[in-house]
Structures are given as structure tokens and as C-alpha cells.
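Spelled out from the first residue to the last, the chains are:
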Amino acid sequence: MVAVPIAEKALIALVRRMAARAKNPAIQTAIGDDCAVLRLVSDRGKPKDTLVTTDFTLEGIHFRRDWHPAESVGHRCLARGLSDIAAIGGEPVAAFLSLALPRDLPQSWVGRFARSLISLAERYGVTLAGGDTAESPNGILADIVVVGAVPKGKAVLRSGARPGDRIYVSGELGGSAAAVWQMRKKPKRKLNPREYSRHFFPEPRIELGRILREKGLVTAMIDISDGLSTDLAHICEESGVGAEIEAEVIPRAIIGKPAREVDLQFALHGGEDYELLFTVPRGKRVPTGLAGVPITQVGHITRGRKVIVRNESGVGYELQPRGWEHFRK
């Protein structure tokens with residue numbers, strides 16, 4: 001395939017046409033001016049807090065072009081930001097995308113990336129309201145900013161967990177990390193995205209996060225982007241508590257063909273699942289499913305500062321955070 005460079009002006013026009021379908025009353029001015037103008041409309045006159053999150057998607061770190069189709073890269077780019085909004089219990093409103101692209105990148109790749117990102121945005125009522133473009137000398141760099149809203153003072157933070165709270169996770173864990181392991185094991189083999197959907201096309205738990213917040217069920221919440229061991233440690237650190245979890249009840253993802261359950265280590269330490277990890281006060285009932293997503297109790301919060309995991313024999317050991325961490329050697 002011969003790469004056909006796309007001029008910056010043409011690229012902006014292409015993305016603007018794709019994004020123009022969305023009609024969002026919160027967006028007063030979108031692509032075309034120096035700044036987007038957002039008006040976050042209150043429900044029944046009640047004030048809202050504005051949420052802002054940003055995430056990088058870097059070629060060679062978060063994806064490889066020989067492993068990931070452009071549609072997956074675009075989807076995952078936005079899903080990362082949407083998942084952060086879900087973890088607060090918020091609702092996303094607008095997204096801003098900055099792209100740095102190699103000169104020889106085929107225009108078709110850019111189009112497929114943008115269509116997939118915007119398709120996911122439309123599903124969640126999000127408008128792509130602006131961004132920036134530049135030439136990159138070394139691979140693709142995408143920075144996504146997502147703006148959302150939550151009723152004033154109702155954002156669910158990581159710092160609210162208390163001793164005795166129960167620990168829950170949504171969905172199944174380890175599917176994304178297991179897919180990466182498979183690709184590293186056999187770099188020339190392409191995986192079928194349908195068989196590893198939690199890696200290639202993860203679903204942010206926007207509705208689930210909103211329901212948990214509206215029902216007043218949760219004391220602390222985080223999305224599992226770096227791995228259960230690391231993200232549970234984040235909650236414990238911010239809340240000043242410890243935790244104890246049961247290895248045998250951690251829900252593990254089913255992947256591949258023939259379908260098989262992932263190894264426990266992927267479920268404990270694998271990142272990019274974008275499920276929700278949250279704590280609930282003892283005595284509050286949590287259903288086994290919400291918003292069509294399975295919910296599993298995996299442990300409880302303790303007064304100590306360590307995270308303990310118990311194996312099938314009941315033997316406990318300290319769970320070290322071994323999920324994803326940039327700059328770790």
C-alpha cells in the first residue's frame with residue numbers, strides 16, 4: 001500500500017465533517033474556532049460539577065499498527081477517557097482530540113481511526129468539540145480530553161473507603177492483558193478482535209457508574225486501567241485503609257477460540273480492562289448485576305494498610321501492586 005499524506009487542513013475538515021452529526025445542547029461552539037464553548041446545563045436548576053480527564057494513546061506503548069486495526073486504536077483512545085468519567089459516576093459531554101501523525105501515514109488509516117472514535121462518542125452522547133494536529137517524526141500520538149458533569153458535590157472519589165466496606169468489581173478481569181501476552185508470545189500472529197473484545201474494543205461502564213452514584217451505594221470507586229492489584233492499592237492509599245480479597249472469587253475473562261478462562265495473574269495484575277472497582281458500606285445490598293453488567297464481591301476493606309489476597313486454601317499473602325506503571329524498570 002502506498003501512503004498518501006493528508007494535509008492538516010484536509011484532516012481537520014475530514015474530522016469536522018464526521019463530528020458534525022452530533023447535536024448536543026451543551027456545545028455552543030465546537031470545531032472551527034480557537035476554543036470550544038461549553039454550557040453545562042443544570043437539571044431542574046440544580047448546579048453541576050465539571051469533570052475533566054486526559055489520556056495519551058502512544059504507538060509502541062498502547063498499541064502497535066501491526067497488532068491493532070485503526071478502528072481499535074480510535075475506539076480505545078476515547079474509551080480510556082470515558083472510563084475515567086464512569087469511575088467518578090459522571091456523564092460525559094464533550095471530547096477534544098489532539099493528533100500527531102507521521103507524514104507517511106495512509107489517509108485511510110486516519111479515516112478509520114476517526115470514524116471508530118466518533119462512533120463510540122455518539123453512542124454516549126459525546127460531541128468531538130475540538131483538538132489539534134501536528135506532524136510526528138516517530139509514530140502516532142493521540143491525546144484525548146473528555147469533559148463531563150456530575151451533580152454538585154456528588155462525584156465518587158477514591159478516598160471514601162472505610163473499614164468494613166465490601167469490595168466489588170464489574171464484569172470480568174484479565175482479558176486485555178491476556179491478549180497482549182498472546183501477541184507478544186507470537187508477534188506475527190494477528191488476533192481476531194471478536195475473540196478478544198475486551199482488549200480491542202473495551203466498553204466504558206458509563207451507565208453503571210452513574211447508577212451506582214445515583215443509588216448512593218458506593219463510598220469509593222476507580223476504573224481498572226492499571227490492574228486490580230494497582231488500582232485497589234490506589235483506593236487504599238487515598239482512603240488510608242487496607243484490603244483483603246479472595247482469589248477464588250475474582251471473575252476471570254473468557255478469551256480465544258476455543259474459549260478459555262484467563263490465568264489468575266492476568267486478572268490480578270492485568271490492566272486496560274476498564275471495569276469498575278468500588279466499595280460499598282456493610283449492610284447495603286448490591287445486586288449481582290446492574291446495567292446489564294455482572295457485579296462480584298471480591299473482598300472487604302480493613303483497618304490495616306496492606307492488601308492481602310487469600311488463595312483457595314485460605315492462606316493469605318500480601319498483594320504487591322504489579323499492574324501497569326509508566327517509567328518502572
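Every chain is numbered independently, its residues counted from 1 as its sequence is written. The predicted nature of this model means local features are confined to residues of pLDDT at least 70 and side-chain atom pairs, given and counted, to a pLDDT of 80 or more, with totals for whole chains, interfaces and linings taken over all residues. Based on all heavy atoms of the structure, the side-chain values leave hydrogens and waters out of the count.

Caption draft 1: Expanded view of the pattern of salt bridges. The working definition used for a salt bridge is a side-chain nitrogen of Lys or Arg within 4 Å of a carboxyl oxygen of Asp or Glu. By the definition in use, this model includes 14 salt bridges. With its nearest N and O atoms 4.0 Å apart, the salt bridge here joins R210 to E207. Of the two residues, R210 and E207 both sit in helix α6 (residues 206–214), 3 residues apart, roughly one turn of that helix. In this structure, the salt-bridge partner of E214 is R210, at a minimum N-O distance of 2.9 Å. Highlighted residues: E214 and R210, both in helix α6, separated by 4 residues, approximately one helical turn. What counts as a helix is a DSSP run of H or I of at least four residues, what counts as a strand is a run of E of at least two, and both are numbered from the N terminus.

Caption draft 2: Layout of the confidence of the model for the protein chain. Taken over all residues, the pLDDT of the protein chain has a mean of 89, while the share at 70 or more is 86%. Each residue carries a pLDDT score, the predictor's confidence in it, ranging from 0 to 100. Whether two residues touch is decided by their heavy atoms; if any such pair falls within 4.5 Å, the residues are in contact. Low pLDDT (under 50) marks residues 325–329, which in the prediction has 5 contacts with non-local residues, meaning those over four places away or in another chain.

Caption draft 3: Region of interest: the side chain of T57. Within the secondary structure, T57 sits in strand β3 (residues 48–58). For T57, the residues in contact, after removing those within four places along its chain, are H62, F63, V73, C77, R80, I140, L141 and A142.

Caption draft 4: Summary view of the packing of helix α2 (residues 70–88) against helix α3 (residues 107–123). The axes are straight lines fitted to the C-alpha atoms, using for helices just the contacting stretch, and the angles between their N-to-C directions are given from 0 to 180°. Remark: α2 packs on α3, axes separated minimally by 7 Å, with the N-to-C direction vectors making an angle of 40 degrees. Between α2 and α3 lies a crossing whose hand is right-handed. Contacts between α2 and α3 pair A70, E71, V73, G74, H75, C77, L78, A79 and L82 from the former with W109, R112, F113, S116, L117, L120, A121 and R123 from the latter. Residue polarity follows a fixed list, in which Ala, Val, Leu, Ile, Met, Phe, Trp, Tyr, Cys and Pro are nonpolar, Asp, Glu, Lys and Arg are charged, and the others, Gly among them, are polar. Its residues placed into classes, the contact of α2 with α3 shows 11 nonpolar, 3 polar and 3 charged. In a left-handed crossing the near helix is turned counterclockwise from the far helix by less than a right angle, and in a right-handed crossing that turn is clockwise.

Caption draft 5: Structural view of the packing of aromatic side chains. Only centres within 6.5 Å qualify two rings of Phe, Tyr or Trp (six-membered ring in Trp) as a pair; their planes then separate them into stacked at under 30 degrees, edge-to-face at over 60, and tilted for everything else. One pass over the full model with this rule turns up 4 aromatic pairs. Members of the aromatic cluster, each reached through a chain of ring pairs, are F63, W109 and F113. Directly above the aromatic system of W67 lies the positively charged group of R64, at a separation of 3.9 Å from the ring centroid. Placement of a charge over a ring requires the Lys NZ or Arg CZ to be within 6 Å of the ring centre, with the centre-to-atom vector within 35 degrees of the ring normal.

Caption draft 6: Main features of the nonpolar core. We define a nonpolar core as any set of buried Ala, Val, Leu, Ile, Met, Phe, Trp, Tyr and Cys residues linked to one another through side-chain atoms lying within 4.5 Å. When a residue's accessible area, from a 1.4 Å probe over protein chains only, is under 20% of the maximum for its type it is buried; when over 50% it is exposed; and in between it is partly exposed. Membership of the largest hydrophobic core comes to 49 residues, with the highest contact counts inside it found for L78, L97, F113 and F278. Elements represented by at least two residues in this core include exactly α1 (8–19), α2, β4 (91–101), α3, β6 (141–151), α6, β12 (276–280) and β14 (293–302). Of all the elements, α2 adds the most residues to this core, at 9 residues. Not counting chain neighbours up to four residues away, the residues in contact with F278 comprise R166, I167, Y168, L212, V218, A220, M221 and I295. Grouped together as the second largest cluster of nonpolar side chains are 25 residues, I222, L228, L268 and L319 included.

Caption draft 7: Focus on a positive patch on the surface. Distance thresholds for patches are 9 Å for like charges and 5 Å for nonpolar side chains (Val, Leu, Ile, Met, Phe, Trp, Tyr), applied to residues having over 30% relative accessible area and no salt bridge. We get accessible surface area from the Shrake-Rupley algorithm with a probe of 1.4 Å; when it comes to residues, only the shown protein chains can shield them. For the charge count, each Lys or Arg is scored as positive and each Asp or Glu as negative, with His and the chain ends excluded. Charged side chains are reduced to one point each, which is NZ for Lys, CZ for Arg, CG for Asp and CD for Glu. The grouping of K185, K186, R189 and R260 at the surface amounts to a positive patch. For R189, the position within the fold is in the loop between α4 (175–185) and α5 (197–200).

Caption draft 8: Structural context of the pairing of strand β15 (residues 307–310). Across the two faces of β15 the burial differs, with V307 and V309 buried and I308 and R310 not buried at all. Pairing between strand β9 (residues 242–246) and β15: 4 bridges, direction parallel. What sits directly across from E244, in β15, is I308. Should DSSP find at least two bridges between two strands, the strands are regarded as paired. Where β15 meets strand β16 (residues 316–318), 3 bridges bridge the pair, whose relative direction is antiparallel. The partner of I308 across the bridge, within β16, is E318. Between β15 and β16, which pair antiparallel in sequence order, lie 5 residues; one of them, G314, sits at a positive phi of approximately 85 degrees.

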